[in-house]
Structure formats: structure tokens, C-alpha cells
Amino acid sequence: MERKKGWLTSGAFAALCGTTKETLRHYKDVGLLLPAHRGDNNYLYYDVEQFYDLYAILILRQTGTPLAEIRRCLERQNARETAALLREQRFRLEAERQKLEHMEFVLSSTLRNLEFEPGSDMVPQTAWFEEEHLLALPVAELEELMSPNASEDEMLIVVLERCQKLCRQYGIQTDFLLGAIHPLVDRGTPGEIRHLYTRIKEKTDFPYYKEKPAGRYLYLCCRGHWDISTGYAALWHYIREQGLETTGDLYACDLAGFTLNSVEKNAASIISVRLLGSSG
């Protein structure tokens, strides 16, 4: 078989470039990347320097660049046009990266909730909780957006629309699992809800940011029902009975999430409050 220095068969060239002979054949058939040499034996060979052409093609294809645009870029060899194309693809890659990061955050958050080992239902326990970053919506502000006598579904629509708007406005990633923040009065008695919240990926500087601080928390899980009012009462009774001192707000949030909450028997919520002197 004829072989000259720098000439590669389609199989050898495919192996060098980390692709397949079928891909090379396709690019040859559409006129995107033709073998550079024809040997005396009438076999076609690629030049080793075509590695860079194919590398560019494969990168651009992975970003969704149409073959026609890639062909035009390779044919014209114009630095300005090539730079413009690369900037466009970099923008697309950044958008895709953010989507993937958001998906990873949502999946990790949901897995953490579903794999959480709460122990017995309606039994107060203590555990160390890491800090959480929250998008906290003031209830008073939400009420202004709702019509009088709005149904629960209508209220949920308003909350989700507001979350979506703020996430787009500030470039924030959230899992959209909702929770409520109550101020505490009279040694553990929850006051009226001040904020509805959803977790966000990281600390950020915007008007709706709140941090749920790290620390040792007293918590209680409610499973199998959407109404968790009995959980509030049980936690308050335990705090009074044990003479515990708490600090900060009381948090109530969904654990089952969008994957399970359409069935009440799968519902799971957690109520938690930080114990005094347990900050991180």
C-alpha cells in the first residue's frame, strides 16, 4: 500500500482525529472535507495538516453550526468572518452551559430531598443543616398581584410567574420547590407567613435574596398529607415541653417536589427552626 510521509488512510486519519470512517465519508460526500491526495494506486489519502480542519468542523458541529456555514468558513478563510462565527458559537455554548448547570442543580436538589432520611413521621429531631440560598418573595407583595378571593391554583400561578420573572431578570437558577418563612413568636409559635421562597443555586446580590444559615436545627417531617398544620402544632409543643431556645425564622418546605406531589400519599414536607447557639 502506498504511504507517503504525512499521508494517512481514512482509517488512520479517523483514529488520529477521534472520529469514524463513516463521518469522514459523509463529509467527503457533501464536499466539506475532501482527501488531499490521490496515490498512484488510486487510493485517497488525508494530509496530517487536515487534522485541524476536521477538528474545527467537529467542534462547530457540536455547537449546532450548519454544514453550509462551516463550508463557507473553510472556503473563504476570512479571519473576520471566522471570528464572528466563533463568537456566535461561544454565545450558544454559554447558553447551553447555563441550561446544563440548571438541570444539574434541579436534579441534585430533588435527589437530596428524595434521599433525605427523616426518620419517624411527626417526630421532632435535630440535625446539622448546611446553609441554603433562597429567593424569598414577600407575601405582602404577592397579595398585591392576586385578585380578591383567589383560589389556591390562582395563587400558585402568581407565585410561579413572579419566580420566573425574577429568575430571568437576575439570571438566577432555582428548583421551584416552594417553601414558607414564618417569624417565630412566643417561644416557637409560628407567626403569619412573611415570605414564600424557593431555593437558588448560590448566593447573589439582589433584593429578594435571603440566606437560611447553617446550624443545628430542630425539624419535623410531615408525610402523606398536604396540610401540615398538625406538624406546626407538634413542633411548637415539643419546643415548649423541652424548654428549647430557638433563633431566627421557622422554615417549611416541600420534600417530594414535582416528581411525586401530584399524589397526596407521596407528599412530604419538612418544618425546621435553628436552635440557639448552633450557628456555623
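First, a word on what this report is: a plain description of the structure on this page. (Residues numbered from 1 in each chain as written. Predicted model: local features only at pLDDT ≥ 70, side-chain atom pairs only at ≥ 80, totals over all residues. Heavy atoms only, no water.)

A few words on the environment of Leu107. Locating Leu107 in the fold gives a position in helix 5 (residues 79-114). On the basis of relative accessible area, Leu107 is assigned to the exposed category, the value being 53%. Each C-alpha atom of the pair Leu107 and Ala233 lies 32 Å from the other, and the pair is 126 residues apart in sequence. (Helix = DSSP H or I, 4+ residues; strand = E, 2+ residues; numbered from the N terminus. Buried < 20%, exposed > 50% of the residue type's maximum accessible area, 1.4 Å probe, protein only.)

This part covers the sheet that holds strand 2 (residues 37-38). The antiparallel open sheet is built from three strands, whose spatial order is 1-3-2. In this open sheet, the two edge strands, each paired with only one partner strand, are strand 1 (7-8) and strand 2. Here strand 2 runs beside strand 3 (residues 44-47); their pairing, made up of two bridges, is antiparallel. Its bridge partner being in strand 3, His37 is matched across the sheet by Tyr45. (Pairing = 2+ DSSP bridges.)

So, about helix 7 (residues 152-170). The first and last C-alpha atoms of helix 7 sit 27 Å apart over 19 residues, in line with the 27 Å expected at 1.5 Å per residue. Looking at helix 7, one finds that the buried residues are Val158, Val159, Arg162, Cys163, Leu166 and Cys167. Considered in projection along helix 7, the buried side chains sweep an arc of 160° and stay on one side of the axis. Exposed residues pointing more than 90 degrees away from the buried face of helix 7 are listed as Asp153, Glu161 and Arg168. Of the surrounding secondary structure, the elements contacted by the buried residues of helix 7 are strand 5 (132-138), helix 6 (139-145), strand 6 (174-182) and strand 9 (195-200). Following helix 7 by one or two positions, Gly171 has its phi on the positive side, about 65°. (Expected span 1.5 Å × (residues − 1). Arc of directions from axis to C-beta. Contact = heavy atoms within 4.5 Å.)

Where burial is concerned, most of strand 9 is hidden: five out of the six residues are buried. When strand 5 meets strand 9, the two strands line up antiparallel, connected through six bridges. Looking at the pairing, Leu135 lines up with Thr198 of strand 9. Of the pairings in the sheet, the one linking strand 6 to strand 9 comprises five bridges and is antiparallel in character. Across the sheet, residue Leu178 finds its bridge partner in strand 9, namely Thr198.

Once that is clear, we can look at the pattern of salt bridges. For side chains bearing opposite charge, pairing can occur when the charged atoms are close. Inspection of the entire model under this criterion finds nine salt bridges. Across the salt bridge formed by Arg76 and Glu81, the nearest N and O atoms sit 3.2 Å from each other. Residue Glu81 is classed as partly exposed on the basis of its relative accessible area of 38%. The shortest N-O distance in the salt bridge between Arg92 and Glu88 comes to 2.7 Å. With a gap of four residues between them, Arg92 and Glu88 both fall in helix 5, about one helical turn apart. Of the residues examined, Arg92 reaches a relative accessible area of 32% and is grouped as partly exposed. With relative accessibility at 34%, the residue Glu88 sits in the partly exposed group. Among the charged side chains, a network of salt bridges with common partners joins Glu94, Arg97, Glu101 and Lys201. (Salt bridge = Lys/Arg side-chain N within 4 Å of Asp/Glu carboxyl O.)

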